[in-house]
Amino acid sequence: MTIIIDRTRERSTRTGPVSVAEKQREKTRPTGLYKARVPIYPKLVNGQWRWIKWALLIVTLAIYYITPWIRWDRPGALPDQAVLVDFDGGRFYFFMIQLWPQEVYFITGLLVLAALSLFLVTALFGRLWCGYACPQTVWTDLYIYIERLFEGDRNARMRLDAAPMSFTKFWRKAGKHAVWIGTAFGTGGAWIFYFHDAPDLIRTFWVGTAPMTAYVSCAVLTFTTYVFAGHMREQVCTYMCPWPRIQGAMLDDQSFQVTYRYDRGEPRGPHKKAETWEGRGDCIDCNQCVVVCPMGIDIRDGAQLECINCGLCIDACNEVMEKVGRPRGLIAYDTDAAVAARSCGHKPEHRLIRPRTLYYGVALAIVSGLMIWGFSTRKTLEVHALRDRNPAAIRLHDGAVRNGYTLKIANHGFEPATVEVRYAGVPGATLRSPGRPVSNPLRLQVDPNRVTSVRVFVTTPAAEVTEGSRPATFAIRSGDEVQTVRTAFDFGDSR
């Protein structure tokens, strides 16, 4: 919403003549809080970085759309989808890995690893994530490609937008938006397959029997993809995403970024074929680096908040340099320190290893080691013992004392497990579970991929009864794996 500042009343209250300077200030005074968006028409460019972007676009979109359809055989009634966030079953499946809700620390660890990796890459090579792999960048590139198919390249799109409405303009615009909406729907549709079995959901979705969350999620992501990639584009990166502002704390003069080498390019200016290059820079001020930029900036103005380091200006400049017979690399991935050194006649030095990269690298190695250790020492069984509180102890007719416990045994494996339950800490204690004979150890069958609750009664003979309580432990063995759970035995009132 634009707020217009009304100056009429202010001018009517003035007395005396208005100076020329005041008239000029009136003309230049801002008329709104927000600058209206100026459409950007990036020109198609071919080159090394553009082809890298095409390759990564294809790879990342293929991973996104294909992954939910990859099958992974699991026993019993477990889902056979390789990657699945199963809210109904309370599990996250990633190929051979299965995570339970109480193992959310693994998800936290993966997020920390992703953040540290992003910090390290940014400190070394600038905003590579933004330029090549960010979903906003990938889908915006795809939408611009669709736009070119219907409306042509930069100049053709500008002419079409400036032309009055006609049949040609209508069908081109309508076709573009129809394909945009279809692409956005495919994006939202692929997302919901990560939370439900894909073959089942694609059948139930079209007959109206899928979960309501699937329809809502698909609609929301369809809308946001269409708006963000089709209409907002660079505004998402500049105004909505916090990363351009955060990255400033990770960059220094040794970070590789898309850089205009002013030491070689200045002074700039137009150049004719037969003219000499003496006394001037290589930049011919053709603005090709500007017209190909999806963010609409001039890289020659130096590092900027809007720059996503996509490298398209490098391809455009290299193309021009080849045409005018000058060396490539006037715009390239370089560091501010190297450019400053060359401008002073010194040999540039590139330092990849420096304090901030060491910090990020060491932190990344530590968290990676903890994650590997956590997965390698992950137990198949997880046991918790809950002691009865009311009453805590029951005195039997022969003077023995009995405590009740509920064992919750989580079998993280895909096969049934036979476990032995031993109780230690109270001499002569015996174990009994309803429907099973008295013994110590107590043998139980635990179902796979679920939490089994078992009632266990521990009885201490009268000869061993004392006052107060005594520390005790449950030891649960399954094969070579042993889980120990601390608890206590309450003797109650011995009188």
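Since we're looking at a predicted model, the values are computed, not measured. (Residues numbered from 1 in each chain as written. Predicted model: local features only at pLDDT ≥ 70, side-chain atom pairs only at ≥ 80, totals over all residues. Heavy atoms only, no water.)

**Student:** I'd like a rundown of the overall build of the protein chain, residues and numbers included.
**Tutor:** Scanning the protein chain from N- to C-terminus turns up 17 helices and 14 strands. A globule of 495 residues ought to have a C-alpha radius of gyration of about 23 Å, yet the protein chain, at 34 Å, is considerably larger. Projected onto its principal axes, the C-alpha coordinates of the protein chain cover approximately 110 × 65 × 60 Å. Here the protein chain holds 495 residues, and the buried ones make up 41% of them. Counting contacts in the protein chain only where the partners sit at least 6 residues apart, residues at least 24 apart contribute 66% of the total. Per element, the accessible surface of the protein chain, about 27600 Å² overall, is 62% carbon and sulfur. (Helix = DSSP H or I, 4+ residues; strand = E, 2+ residues; numbered from the N terminus. Rg over C-alpha atoms; globule rule 2.2 N^0.38 Å. Buried < 20%, exposed > 50% of the residue type's maximum accessible area, 1.4 Å probe, protein only. Contact = heavy atoms within 4.5 Å. Areas by Shrake-Rupley, 256 points an atom, 1.4 Å probe, with all protein chains shown as cover.)

**Student:** Describe in detail the pairing of strand β8 (residues 401–411), supporting the description with residues and values.
**Tutor:** By the criterion of burial, β8 is predominantly enclosed, with 9 of the 11 residues buried. Across 7 bridges, the pairing between strand β6 (residues 381–387) and β8 is antiparallel. Bridged to H384 within β8 is K408. Inspection of the sheet shows strand β7 (residues 394–395) paired to β8 by 2 bridges, in the antiparallel sense. (Pairing = 2+ DSSP bridges.)

**Student:** Let's hear about the sheet that holds strand β1 (residues 83–86): which residues, and what values?
**Tutor:** Sheet architecture is open: 3 strands sit in the order β1-β2-β3, paired in antiparallel fashion. Sheet topology places β1 and β3 (97–99) at the edges, where each strand pairs with a single neighbour. Within the sheet, the average angular offset between the axes of one strand and its neighbour, ignoring direction, is 10°. Across 3 bridges, the pairing between strand β2 (residues 91–94) and β3 is antiparallel. In the sheet register, Y93 faces β3, and the bridge partner there is Q98. (Axes fitted to C-alpha atoms, helices over the stretch in contact; angles between N-to-C directions.)

**Student:** Can you explain the layout of surface pockets? Please cite residues and give values.
**Tutor:** Where empty space is left can be seen by rolling a probe of water-molecule size over the atoms. Of the pockets and cavities examined, the largest pocket occupies roughly 660 Å³. Together, 16 residues line the largest pocket, and L111, A114, W129, A133 and P135 are the ones closest to its centre. At the level of elements, α3 (48–66), α4 (104–125), α5 (128–133) and α6 (135–151) are the ones that each hand at least two residues to the lining of the largest pocket. No other element matches α4, which puts 7 residues into the lining of the largest pocket. Partitioned by chemical class, the residues of the lining of the largest pocket number 14 nonpolar, 2 polar and no charged. (1 Å grid on protein atoms, 1.4 Å probe; cavity = no way out; pocket = protein on both sides within 12 Å on 5 of 7 lines; lining within 4 Å. Points joined across faces, edges and corners; volume = space filled by probe spheres on them. Nonpolar A, V, L, I, M, F, W, Y, C, P; charged D, E, K, R; others polar.)

**Student:** Please set out the packing of α6 against helix α7 (residues 154–162) residue by residue, giving values where relevant.
**Tutor:** In a pair of packed helices, the angle between the axes and the distance between the axes together describe the arrangement. α7 packs onto α6 with a crossing angle of 70° between their chain directions and a minimal axis gap of 10 Å. The angle between the axes of α6 and α7 places the two elements in the roughly perpendicular class. The way α6 lies across α7 gives a crossing that is left-handed. Across from E147, R148 and E151 in α6, the residues of α7 making contact are A156, R157, L160 and D161. (Parallel < 35°, antiparallel > 145°, perpendicular 65-115°, else oblique. Left-handed = near helix turned anticlockwise from the far one by under 90°.)

**Student:** Which residues make up the environment of V59, and what are the values?
**Tutor:** When you line up the elements, V59 lands in helix α3. Measuring from C-alpha to C-alpha, the distance between V59 and R470 comes to 61 Å, with 411 residues separating the pair along the chain.

**Student:** Residue-level account of the state of the cysteines, with values.
**Tutor:** Scanning the model with the defined rule gives 0 disulfides in all. The thiol of C241 is not disulfide-bonded; the next cysteine sulfur, from C130, is found 5.9 Å away. Judged by relative accessible area, C241 falls into the partly exposed class, the value being 27%. With no disulfide partner, C286 has as its closest neighbouring cysteine sulfur the one in C289, 6.4 Å distant. The class for C286 is partly exposed, based on a relative accessible area of 35%. (Disulfide = S-S within 2.5 Å.)

**Student:** Would you mind going over the confidence of the model for the protein chain in detail, with residue names and values included?
**Tutor:** Per-residue confidence for the protein chain gives a mean pLDDT of 86, with 92% of residues at or over 70. The low-confidence segment residues 1–18 (pLDDT under 50) makes 14 contacts with residues lying over four places distant or belonging to another chain. (pLDDT = per-residue confidence, 0-100.)

**Student:** Give me the nonpolar core: which residues, what numbers.
**Tutor:** The biggest cluster of nonpolar side chains holds 42 residues, and the ones touching the most others in it are V258, I299 and I331. When residues of this core are traced back to their parent elements, those giving at least two are α4, α5, β4 (257–260), α14 (288–291), α15 (312–324), β5 (331–334) and α17 (355–376). Sort the elements by how many residues they give to this core and α15 lands first, with 7 residues. Setting aside chain neighbours within four positions, we find V258 in contact with I299, N309, G311, C313, I314, I331, A332 and Y333. Core analysis: the next-biggest nonpolar cluster, separate from the first, contains 26 residues, L442, V458, A472 and I476 among them. (Core = buried A, V, L, I, M, F, W, Y, C linked by side-chain atoms within 4.5 Å.)

**Student:** Describe a nonpolar patch on the surface, and please don't skip the residues or the numbers.
**Tutor:** A grouping of V121, F125, L352, I353, L358 and Y359 is seen on the molecular surface, where their side chains present a nonpolar patch of about 590 Å² in accessible area. Structurally, V121 is set in helix α4. A relative accessible area of 33% means that V121 is categorised as partly exposed. (Patch = residues over 30% accessible without salt bridge, like charges linked within 9 Å, V, L, I, M, F, W, Y side chains within 5 Å. Salt bridge = Lys/Arg side-chain N within 4 Å of Asp/Glu carboxyl O.)

**Student:** Would you mind going over the side chain of E151 in detail, with residue names and values included?
**Tutor:** Examined against the element boundaries, E151 turns out to sit in helix α6. Take E151: its relative accessible area is 5%, and that puts it in the buried class. For E151, the side chain forms a polar contact with the side chain of K173, separated by 3.3 Å. If we ignore the near neighbours within four places in the chain, the residues touching E151 are A156, R157, L160, D161, R172, K173 and K176. (Polar contact = N/O pair within 3.5 Å; in protein donor to acceptor, adjacent residues only side chain to side chain.)

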